Amino acid sequence: MEYQVTITEILSRTERVEASSALMAEKMVRLRYAKEDIVLDYSDFKSVDFHTSDSLFFKSEDRAFTLLHGDSTRLLNEFDFKFDMIFADPPYFLSNGGISVQSGRVVCVDKGEWDRGGTPESIDAFNREWISLCRNKLKDNGTIWISGTYHNIFSVANALTELGFKILNVITWAKTNPPPNISCRYFTYSTEFIIWARKCEKVPHYYNYDLMKQVNEGKQMRDVWQLPAIAPWEKRCGKHPTQKPLSVLSRIILASTKPGAWILDPFTGSSTTGIAANLLGRRFLGIDKEEEYLEISRARKLELEDVHTFASYRKKVKDIALLDKESPSLFAYEEECVGYDLPF
């Protein structure tokens, strides 16, 4: 087996400068460093760290998009890092031979072996395990968003409550273009639910109330979001059976994080979470067991590195396009976020 060993050397030096403020002093030193007037060498050496991993699948050159290959219930135990926000689209356990309509054709709704249901007890145990691991990876003021349908959402809500989370909202995503119900024996399925919860009962969470009001025509954002299902242009790099649209993930990220924030997706699939995060100036770690979907994720990130594609995507996502027009400087990293990075 091939392993990747990352060697990290830490160099540190203190420079003294005359300036009118601490911010100006830092800018002066940054400029000198950029011009190579300041060059760190062996005399500035502080420590070295070695990290061995067989799970690192991809890390972008800008270090804002990282993918791990493997089971999140194992990998989340193997590193120490705290995230600002987690989005999870776990198995819904609805792959039971049902049918639906896609592009005018009757198709099976089975997603794969990973989505086949077990007993109610096994589903509850699974949800408690991965949510507990995610809780350990959240900052104390962090929040988690978990999507689902009636197949799994009640189990998820119970696990969150048992593990000490405070449920803040249950968002109803009302799809504006759902597939028809071909059996004609019950109402058309047109919604999914997204639970938003914070880690600690007593620690305040971050919510960008004003921004959500801004993208909702000056009115308070409600907990029913009328947004379309995934568009064809979002599948250019390949298709994932449960891929979420960028419109949903962009709103979630805008509502609950600041620029530069770190976001985790433990069931990343084709990494809509990561693409939305990078479009909005946030950083991302995604984990998935299926290499096929990680290849799609990597292709989507590489596609995003083209400046024209990046700009095109921002124009196609409603909330981002509106904010680009009204608040063009909104997505810059905050200085205190820049140095906080993954340990691999």
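Refer to the structure printed above.
Conventions and cut-offs
Residues numbered from 1 in each chain as written. Predicted model: local features only at pLDDT ≥ 70, side-chain atom pairs only at ≥ 80, totals over all residues. Heavy atoms only, no water. Helix = DSSP H or I, 4+ residues; strand = E, 2+ residues; numbered from the N terminus. Buried < 20%, exposed > 50% of the residue type's maximum accessible area, 1.4 Å probe, protein only. Contact = heavy atoms within 4.5 Å. Areas by Shrake-Rupley, 256 points an atom, 1.4 Å probe, with all protein chains shown as cover. Pairing = 2+ DSSP bridges. Axes fitted to C-alpha atoms, helices over the stretch in contact; angles between N-to-C directions. Salt bridge = Lys/Arg side-chain N within 4 Å of Asp/Glu carboxyl O. Polar contact = N/O pair within 3.5 Å; in protein donor to acceptor, adjacent residues only side chain to side chain. Parallel < 35°, antiparallel > 145°, perpendicular 65-115°, else oblique. Nonpolar A, V, L, I, M, F, W, Y, C, P; charged D, E, K, R; others polar. Arc of directions from axis to C-beta. Core = buried A, V, L, I, M, F, W, Y, C linked by side-chain atoms within 4.5 Å. Phe/Tyr/Trp six-rings, centres within 6.5 Å; stacked < 30°, edge-to-face > 60°. Lys NZ or Arg CZ within 6 Å of the ring centre and 35° of its normal.

A. Representation of the overall build of the chain. When its secondary structure is counted, the chain shows 10 helices and 13 strands. When each of the 344 residues of the chain is scored for burial, the buried share is 44%. Look at the contacts in the chain between residues 6 or more apart in sequence, and 72% of them connect residues 24 or more apart. In the form shown here, the chain has an accessible surface area of approximately 18400 Å², with 51% of it arising from carbon and sulfur atoms.

B. Quick peek at the sheet that holds strand 12 (residues 262-265). Here nine strands make up an open sheet; going across it, the order is 3-4-13-12-5-8-10-9-11 and the pairing mixed. Each having just a single partner strand, strand 3 (56-59) and strand 11 (224-227) make up the two edges of the open sheet. Taken over all neighbouring pairs, the strand axes of this sheet differ in orientation by 20 degrees on average, direction set aside. Relative to strand 11, strand 9 (residues 166-175) runs parallel, the two being bridged by four bridges. If you follow Trp173 over to strand 11, its bridge partner there is Trp225. Across the sheet, helix 6 (residues 246-256) lies against strand 5 (83-88), strand 8 (138-148), strand 9, strand 10 (191-198), strand 11 and strand 12, angled at about 140 degrees from strand 11, the strand it touches most.

C. Inspection of the pattern of salt bridges at higher detail. Summed over the entire model, instances satisfying the criterion amount to 17 salt bridges. Close ionic contact of Arg13 with Glu15 constitutes a salt bridge, the shortest N to O distance being 3.6 Å. Residue classification places Glu15 among the partly exposed positions, given a relative accessible area of 29%. The partner of Asp84 in a salt bridge is Lys139, with the nearest N and O atoms 2.8 Å apart.

D. How the structure looks around the environment of Asn158. Positionally, Asn158 belongs in helix 4 (residues 153-162). Linking Asn158 and Asp124, residues 34 residues apart in sequence, is a C-alpha distance of 8.5 Å.

E. Examining the side chain of Asp89 more closely. When you line up the elements, Asp89 lands in the loop between strand 5 and strand 6 (99-102). Overall, the relative accessible area of 12% leaves Asp89 in the buried class. A distance of 3.0 Å separates the side chain of Asp89 from the side chain of Tyr92, its partner in a polar contact. A distance of 2.7 Å separates polar atoms of two side chains, one belonging to Asp89 and the other to Ser147.

F. Just the packing of helix 9 (residues 307-316) against helix 10 (residues 318-326), in detail. Between helix 9 and helix 10, the least distance of the axes is 5 Å, while the angle of their chain directions is 100 degrees. Classified by the angle between their axes, helix 9 and helix 10 sit roughly perpendicular to one another. Only Lys318, Ile320, Ala321 and Asp324 of helix 10 make contact with helix 9, whose side of the interface consists of Arg314, Lys315 and Lys316. Taken together, the residues that form the contact of helix 9 with helix 10 break down as two nonpolar, no polar and five charged.

G. Molecular detail of helix 10. Asp319, Ile320 and Leu323 are the residues of helix 10 that are buried. Burial along helix 10 is one-sided: seen end-on, the buried residues are contained in an arc of 95 degrees. Opposite the packed face of helix 10, turned more than 90 degrees from it, sit the exposed residues Lys318 and Lys325. Buried residues along helix 10 sit in contact with helix 5 (209-215), helix 6, helix 7 (272-279) and helix 9.

H. Expanded view of the nonpolar core. In this structure, Trp145, Leu246 and Ile252 are the most contacted members of the largest nonpolar core, which totals 39 residues. A per-element tally of this core places helix 6 first, with seven residues. Setting aside its immediate chain neighbours within four residues, Ile252 contacts Met85, Phe87, Trp145, Ile194 and Trp225. By size, the runner-up hydrophobic cluster in this structure holds 31 residues, among which are Leu76, Ile86, Ile131 and Cys134.

I. Examining the pairing of strand 9 more closely. Sheet topology note: the strand 9/strand 10 ladder contains eight bridges and is antiparallel. Residue Trp173 lies in a different strand from strand 10, and its bridge partner there is Glu192.

J. Structural detail: the packing of aromatic side chains. One pass over the structure, following the stated rule, counts 17 aromatic pairs. Taking 4.5 Å as the distance between ring centres and 15 degrees as the angle between the ring planes, the aromatic pair formed by Phe81 and Tyr340 counts as stacked. Taken together, the residues Phe81 in the loop between helix 2 (72-75) and strand 5 and Tyr340 in the segment after helix 10 connect sequence positions 259 residues apart. Chaining the aromatic ring pairs together yields one cluster made of Trp145, Trp196, Tyr207, Tyr209 and Trp225. The ring centre of Phe79 lies 5.1 Å from the NZ or CZ of Lys137, which sits over that ring. Positioned above the aromatic ring of Trp173 is the side chain of Lys175, whose terminal nitrogen or guanidinium carbon lies 4.9 Å from the ring centre.

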